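# Coordinate analysis (summary)
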Amino acid sequence: MLEIPLELPAKPFRRVKFVNLGFDHFHIERPEQELVRIEVFTNRIGSMCVCCSQPVNDKQELIYSVVLVHKDCSKTFRVTLGSDESPQKATHLHPLFIPIGYYIMVYLQGYFLHCINTRQQEMLCHSLFLSGYDVDSGLQSHSANITVLHAEEESSTSLLDLAHGKIHTAELSPAYLLQILRSDTPSSKADPQRLAALHCLLVYMGNDPNLELKIIEWLCDNVNAFESFDQIQEFILASLYRISYKTLLSMDKVLPYSSVFNKKVPSTLLEIPGVLCTTELHIESVFKEKARSLLSFWSELQWNTDRTKYLEAVPNPRYRTCHIKADWDKLKSERRPSSHHMNHMEENTKKVLSMVDTWCLDKKLVPLFQEEDRQQRVLIGLTVDKLREHLNRHLPRLGKKKIDSLVVSYVAKLLELIRHMLESVWLKYKLGSRVLCLAQQGSPAEWSMFHFMFRILEAMMGLCLPLPPGYHTLLAVFAVRCLPHHIFLQYIDHGFLQLTETFVSRLMTDLDNSDANEKLKFSILKRLPEPMEQRICHMWDHPVSSASISRDYVKTLLEKCNKNKGFALTGRDKPGFRPEFLPLTYLAKILSDIEEQALNPFEEQENVDARFVEETALKQTLILLGFEEK
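Just so we're clear, the structure is a prediction, and the values are computed from it rather than from any experiment.

So, on to the overall build of the protein chain. The helix and strand inventory of the protein chain stands at 20 helices and 14 strands. Out of the 630 residues in the protein chain, the part that is buried amounts to 49%. Counted over contacts in the protein chain with a minimum sequence separation of 6, partners at least 24 positions apart contribute 67%. Carbon and sulfur atoms make up 51% of the accessible area of the protein chain, which amounts to about 32000 Å² in all.

Here it is in structure tokens:
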């Protein structure tokens, strides 16, 4: 059926125990030394792992290999053991191979526990290695007296202790993995274990909402990025990977599951102290039957193996979120992008937001998804488009309809995940609606919320992934409450904060016109694009904004007047004009006559007419002469 080349010593098998076919009663009082121990584990999704170990050699090294047939690769590990056991006794040591989900646990009592990730096998940092006192499993017998009883459908594995007549259950402990995350060990040493534990919690155990809340709380308490990886980026990518990894094994090669691939990988994530790993690609497995004649498992395994070989050969098979940056920058720089292209992006965005709305109908704790955020809407649509295109290119077997559904769910889950993170921290700090008031100074809890939101922004910008509409407005609200005004403006100038029309309009109306607030408002108006500045200026009840509105009104009205060659003054007096101020009286007469003969160019603005211009001009004059305050 299947041939796999393995490097084994001469005559390695002196006896055979069929542990994969059930308990074998065959027993020898004085068993001979096993030169090689081999076990095979399969899964219905189409994976096969061949595990083999050799006894400890003279150098006190244990050698074991895991052949991942579905990944077309083999990994051989050499682990240096301590000298606690006598050399004669150590030569009989063999590890236990325990399958739990898609993990293969290699356990040698008293020495080490290696949780090998068979789905994310490319880097050692996604597999957990524990040694010393951390590996006490409670088993009282050596591996020779333990039989592994495994069923694919179960999330745990049973261990039969032949010496004591007991059955133990082997399963991964979320409490212990959380303990690894919370360890006080220096970052550089603990980062590989933290990263492996985080992925195990999020992907393998991630369906538990309570567990996810504990991880978000840990993120909030450890908001600054670690030396070797960004934990918020890992949380986001691993959580998104979880919703699709069960669909197809090839998703491992196509979808992103870790941010460490996007940058130069630190050496601490590439090695395990005391462990030497050798990887062999292209193991040359040979199927003896054609795919059509094979049973379902074997056909899936062959398809997965062939697809892995294809993805190894093509350039950039894994979708890198940073690859979208060039298209995103181009769209932002275009003054008039193609209307057809933008309509296509908007249709993608509507699909995503409609799915988010159905998930969040009763959850309105954090004010997101309540405004039009053009930039984020375009980025949402672009992300859907590029990810769909990538999956259609590399996984056509799924079909366009399923890929479209998967991609929309993927991006919707991303936005929902950000909202869920904010909501969890919002509840942690017991924030209420008062935090949305711009006139008050922020509390320490709000500063923590701002810091957490800013780290999320930093992580998402690094991945070039979209944020929920309204995120930038909420972040700016916390920033203006928590930061001194000059620091707030620096955040804007360096591109860390984005001024949305919703935020600026609230700033103009909610803050009074004290000297400090007036200075801040003028500084913000200078930083706005001209169309937005004109719209915002009309909302500010201030002499300067009134003067600006008046100037725009007079300019537009007179431009229309110049185009109308048949215009003539009526010479009629109007009540309310002040004859003693002749220049203003004359201008007001001209404007009044034009208003009667032409459409009001500012008809969408209430109370903007010749009378408004006259009153504004008089008020400005009084202020300049010192007779009236602003």
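Taken residue by residue, the protein chain gives an average pLDDT of 80. The fraction at 70 or more is 75%. Throughout residues 571-579 the model reports pLDDT below 50, and contacts reaching past four residues in sequence, or to other chains, amount to 18 contacts. Note that pLDDT drops below 50 for residues 600-605; the model gives that stretch twelve contacts with residues more than four away or on any other chain.

To continue, consider the packing of aromatic side chains. Tallied over the full model, the rule gives 21 aromatic pairs. Centre to centre, the rings of F488 and F503 are 6.1 Å apart; their planes meet at 55°, and the pair counts as tilted. Placement of F488 in helix α14 (residues 485-493) and of F503 in helix α15 (residues 501-510) is noted, with a sequence separation of 15 residues between them. Against the face of W303 rests R397, its NZ or CZ located 4.2 Å from the ring centre. For the cation-ring pair, K428 lies above Y429, with the distance from its terminal atom to the ring centre recorded as 5.8 Å.

Our next topic: the packing of helix α4 (residues 209-221) against helix α11 (residues 400-428). Two numbers describe how α4 lies on α11: the axes approach to 10 Å, and their chain directions differ by 75°. When the interaxial angle is binned, α4 and α11 end up roughly perpendicular. For the pair α4 and α11, the contacting residues are E212, L213, I216, E217, L219, C220 and D221 in the first and L417, H420, M421, S424, V425 and K428 in the second. When its residues are assigned to classes, the contact of α4 with α11 shows seven nonpolar, two polar and four charged.

In this structure, I236, I456, Y471, F488 and F503 are the most contacted members of the largest nonpolar core, which totals 139 residues. What F503 contacts, discounting residues up to four positions off in sequence, is L438, T473, A476, V477, V480 and F488.

With that out of the way, let us pick up unusual backbone geometry. The phi torsion at N316 lies on the positive side, around 50°, for a residue other than glycine. You can see N316 is positioned in the loop between α7 (296-313) and α8 (325-333). A positive phi angle, close to 55°, is found at C464, a residue other than glycine. Along the chain, C464 turns up in the loop between α12 (444-463) and α13 (471-482). For C464, a relative accessible area of 8% puts it in the buried group.

With that settled, consider the pairing of strand β4 (residues 61-68). Most of β4 sits inside the fold, with eight of its eight residues counted as buried. Burial along β4 is two-sided: the residues E61, I63, S65 and V67 and L62, Y64, V66 and L68 are all buried. Pairing between strand β3 (residues 47-54) and β4: six bridges, direction antiparallel. If you follow V50 over to β4, its bridge partner there is V67. Pairing of β4 with strand β5 (residues 73-80) involves eight bridges; the strand directions are antiparallel.

Our next topic: the pattern of salt bridges. A side chain of one charge can pair with a side chain of the opposite charge when the charged atoms of the two come close. Applying the stated criterion across every chain yields a total of 26 salt bridges. Of the charged contacts, one joins E122 and R318 as a salt bridge, the two residues approaching to 2.8 Å between their closest N and O atoms. Here R318 lies in the loop between α7 and α8 and E122 lies in the loop between β8 (112-117) and β9 (128-131), a separation of 196 residues in the sequence. We classify E122 as partly exposed; its relative accessible area is 33%. R388 is the salt-bridge partner of D404, the closest N and O atoms lying 2.9 Å from each other. In this pair, D404 sits in helix α11 while R388 sits in helix α10 (residues 374-394), placing the two residues 16 residues apart along the sequence. Beyond isolated ion pairs, a larger network of salt bridges with shared partners links K351, D385, R388 and D404.

This part is about the environment of Y204. Secondary-structure assignment places Y204 in helix α3 (residues 187-204). The class for Y204 is buried, based on a relative accessible area of 19%.

Attention now moves to the sheet that holds strand β10 (residues 146-149). Read from one edge of the open sheet, three strands run β10-β11-β12, paired in antiparallel fashion. Strands at the two margins of the open sheet, each flanked by one partner only, are β10 and β12 (166-170). Neighbour-to-neighbour, the strand axes of the sheet open up by a mean angle of 25°, direction not taken into account.

A few words on the packing of α15 against helix α17 (residues 530-537). Packing of α15 against α17 leaves a shortest axis separation of 10 Å and a crossing angle of 35°. The element α15 and its partner α17 pack so that their crossing is right-handed. On α17, the residues touching E501, V504, S505 and M508 of α15 are M532, R535 and I536. For the contact of α15 with α17, the class distribution of residues is four nonpolar, one polar and two charged.

With twelve residues, helix α16 (residues 515-526) should reach 16 Å at 1.5 Å per residue; the first-to-last C-alpha distance of 17 Å fits that figure. Looking only at α16, the buried set comprises N517, E518, L520, K521, S523, I524 and L525. In the core, the buried residues of α16 are packed alongside α13, α14, α15 and α17.

Our next topic: the sheet that holds β9. The four strands are arranged β6-β7-β8-β9 in an open sheet whose pairing can be described as antiparallel. The open sheet is flanked by β6 (96-100) and β9, the only strands paired with a single partner. Taking each pair of neighbouring strands and ignoring which way they run, the sheet shows an average axis angle of 15°. Sheet topology places β8 next to β9; four bridges connect them, and they run antiparallel. Bridge pairing in β9 links L113 to L130.

Definitions and cut-offs
- Going along each chain's sequence as written, the residues are numbered from 1 onward.
- Two thresholds apply to this predicted model, a pLDDT of at least 70 for residue-level local features and 80 or more for giving and counting side-chain atom pairs, whereas whole-chain, interface and lining totals are computed over all residues.
- Computation of side-chain values covers all heavy atoms of the structure but excludes hydrogens and water.
- Elements are defined by DSSP. Helices are runs of H or I of four residues or more, strands are runs of E of two residues or more, and each kind is numbered from the N terminus.
- Partly exposed describes any residue whose relative accessible area lies between the buried limit of under 20% and the exposed limit of over 50%, with all areas from a 1.4 Å probe on protein chains only and scaled to the type maximum.
- For this analysis, residues touch if any pair of their heavy atoms sits within 4.5 Å.
- Residue-level accessible areas treat just the shown protein chains as cover; the underlying method is Shrake-Rupley with a 1.4 Å probe.
- Known as pLDDT, the predictor's per-residue confidence is scaled from 0 to 100.
- Here a pair means two rings of Phe, Tyr or Trp (six-membered ring of Trp) with centres within 6.5 Å. Their orientation is stacked below 30 degrees between planes, edge-to-face above 60, and tilted elsewhere.
- Charges are assigned to positions over rings by a cutoff of 6 Å between ring centre and Lys NZ or Arg CZ, combined with an angular limit of 35 degrees from the ring normal.
- Lines fitted to C-alpha atoms define the axes, with helix axes restricted to the stretch in contact, and inter-axis angles between N-to-C directions lie between 0 and 180 degrees.
- An angle counts as roughly parallel when it lies under 35 degrees, as roughly antiparallel when it exceeds 145, as roughly perpendicular when it falls between 65 and 115, and as oblique in every other case.
- Side-chain classes follow a simple rule in which Ala, Val, Leu, Ile, Met, Phe, Trp, Tyr, Cys and Pro form the nonpolar group, Asp, Glu, Lys and Arg form the charged group, and the remainder, Gly included, forms the polar group.
- Here, nonpolar core means buried Ala, Val, Leu, Ile, Met, Phe, Trp, Tyr and Cys residues that are tied together by side-chain atoms lying within 4.5 Å of each other.
- Strands are labelled as partners when DSSP assigns at least two bridges between them.
- Any carboxyl oxygen of Asp or Glu that lies within 4 Å of a side-chain nitrogen of Lys or Arg is treated as forming a salt bridge with it.
- Put simply, a crossing is left-handed when the front helix is turned counterclockwise from the back one by less than a right angle, and right-handed when it is turned clockwise.
- A helix is expected to reach a length of 1.5 Å times the quantity of its residues less one.

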